[in-house]
Amino acid sequence: MKNTYITSHFPLFSILLFSCSLAIYTEGLITGWLNEIGLYRGMMEFFSEAGIKGTLLFLFLLFYFMVFSALKLISDTLIQLSLLFFSNDQEGEDLYKIRKGSWIFLIASGLSLFFIAMPEVIIMLFISASVIYFTFFVYKISGSLSFSRMTGVIFFHLMFWSSFSLVVIYTCTVLYNSFIASLPI
């Protein structure tokens, strides 16, 4: 079967698999924490154990799905913006060339299911898949770009993701510090 859209559903499956891996881990972590502080037993009076775990799993699956979907949207927009700014491709051939890169995330997300108890490994799989995909992206479009345009594409992506990561880390740090400062000690 040779169809250009055969891999179009891979990003959705990848997002679902990564979300599922992290949601299962988080659900177990929160269930253990609720049990440790004594709330789980009280919740069991109103809901069944399967209902509590299922609800927590659904909520965390939804949360991680939204996070990964947002990252996918940002990434796709960034890729197309970089091609708009630096590529001379008028027909979208460069986008067609990189479409097969969705296999990278599908394989990494499938592997993440084997490491549900190790969130660090799941995050490393995601980061590794992102780096491999970026390398694949640069390799595939390198034939249609000059050296200076290729350098522009690489720096465009590196600057955006570095800035984005620093803003997220800074925001989380400020939020954490304000939370800790508000605790009565």
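## Focus on the side chain of His157
Then comes step 1: Position of His157 relative to the elements: it lies in helix α7 (residues 147–182).
Then comes step 2: For His157, a relative accessible area of 5% gives the class buried.
Then comes step 3: Look past the residues within four positions of His157 in its chain and what remains in contact with it is Leu78, Ile79, Ser82, Phe134 and Phe137.

## Focus: the packing of aromatic side chains
Then comes step 1: A complete count under the given rule lists 15 aromatic pairs for this structure.
Then comes step 2: Centroid distance Phe18 to Phe126: 5.5 Å. Interplanar angle 90°. Geometry classified as edge-to-face. Here Phe126 lies in helix α6 (residues 119–141) and Phe18 lies in helix α1 (residues 10–37), a separation of 108 residues in the sequence.
Then comes step 3: Phe18 sits in the buried class, given a relative accessible area of 2%.
Then comes step 4: Pairing Phe63 with Tyr64 gives two aromatic rings, centres 5.3 Å apart and planes at 65°, and the pair type is edge-to-face.
Then comes step 5: Ring-pair connections join several aromatic residues into one group, and the members of that group are Phe18, Phe68, Phe105, Phe126, Tyr133 and Phe136.

## Observations concerning the packing of helix α3 (residues 49–86) against α7
Then comes step 1: With their axes 10 Å apart at the nearest point, α3 and α7 run at an angle of 150° to one another. What the angle tells us is that α3 and α7 run roughly antiparallel. Both α3 and α7 take part in a crossing whose hand is right-handed. Contacts between α3 and α7 pair Leu71, Ile74, Ser75, Leu78, Ile79, Leu81, Ser82, Phe85 and Phe86 from the former with Arg149, Gly152, Val153, Phe156, His157, Phe160, Trp161 and Phe164 from the latter.
Then comes step 2: Here the residues of the contact of α3 with α7 are counted per class, giving 12 nonpolar, 4 polar and 1 charged.

## Some words on the environment of Ile122
Then comes step 1: Within the secondary structure, Ile122 is located in helix α6.
Then comes step 2: In the structure, Ile122 is positioned 13 residues away from Ser109 in sequence and 8.2 Å away in space, judged by C-alpha atoms.
Then comes step 3: Apart from residues lying up to four places away in sequence, Ile122 is in contact with Phe18, Ser21, Leu22, Ser112, Phe115 and Ile116.

## Examining the nonpolar core
Then comes step 1: Ranked by internal contacts, the top residues of the largest apolar core, which has 27 residues, are Ile98, Phe137 and Ile141.
Then comes step 2: Elements that contribute at least two residues to this core include exactly α1, α3, α5 (102–112), α6 and α7.
Then comes step 3: In terms of residue count, the dominant contributor to this core is α6 (8 residues).

## Notes on the pattern of salt bridges
Then comes step 1: By the definition in use, this model includes 3 salt bridges.
Then comes step 2: For Asp76, the salt bridge identified is with Lys72, shortest N-O distance 2.6 Å. Taken together, the positions of Asp76 and Lys72, both in helix α3 and 4 residues apart, correspond to about one turn of that helix.
Then comes step 3: Look at Asp76 and you get partly exposed, because its relative accessible area is 29%.
Then comes step 4: When its relative accessible area of 29% is taken as the criterion, Lys72 is described as partly exposed.
Then comes step 5: The closest approach of N and O atoms between Lys97 and Asp94, which form a salt bridge, is 3.6 Å. Of this pair, Lys97 and Asp94 both sit in helix α4 (residues 93–98), separated by 3 residues, roughly a single helical turn.
Then comes step 6: Given a relative accessible area of 2%, Asp94 falls into the buried group.

Each value, and the rule that gives it
Residues numbered from 1 in each chain as written. Predicted model: local features only at pLDDT ≥ 70, side-chain atom pairs only at ≥ 80, totals over all residues. Heavy atoms only, no water. Helix = DSSP H or I, 4+ residues; strand = E, 2+ residues; numbered from the N terminus. Buried < 20%, exposed > 50% of the residue type's maximum accessible area, 1.4 Å probe, protein only. Contact = heavy atoms within 4.5 Å. Phe/Tyr/Trp six-rings, centres within 6.5 Å; stacked < 30°, edge-to-face > 60°. Axes fitted to C-alpha atoms, helices over the stretch in contact; angles between N-to-C directions. Parallel < 35°, antiparallel > 145°, perpendicular 65-115°, else oblique. Left-handed = near helix turned anticlockwise from the far one by under 90°. Nonpolar A, V, L, I, M, F, W, Y, C, P; charged D, E, K, R; others polar. Core = buried A, V, L, I, M, F, W, Y, C linked by side-chain atoms within 4.5 Å. Salt bridge = Lys/Arg side-chain N within 4 Å of Asp/Glu carboxyl O.

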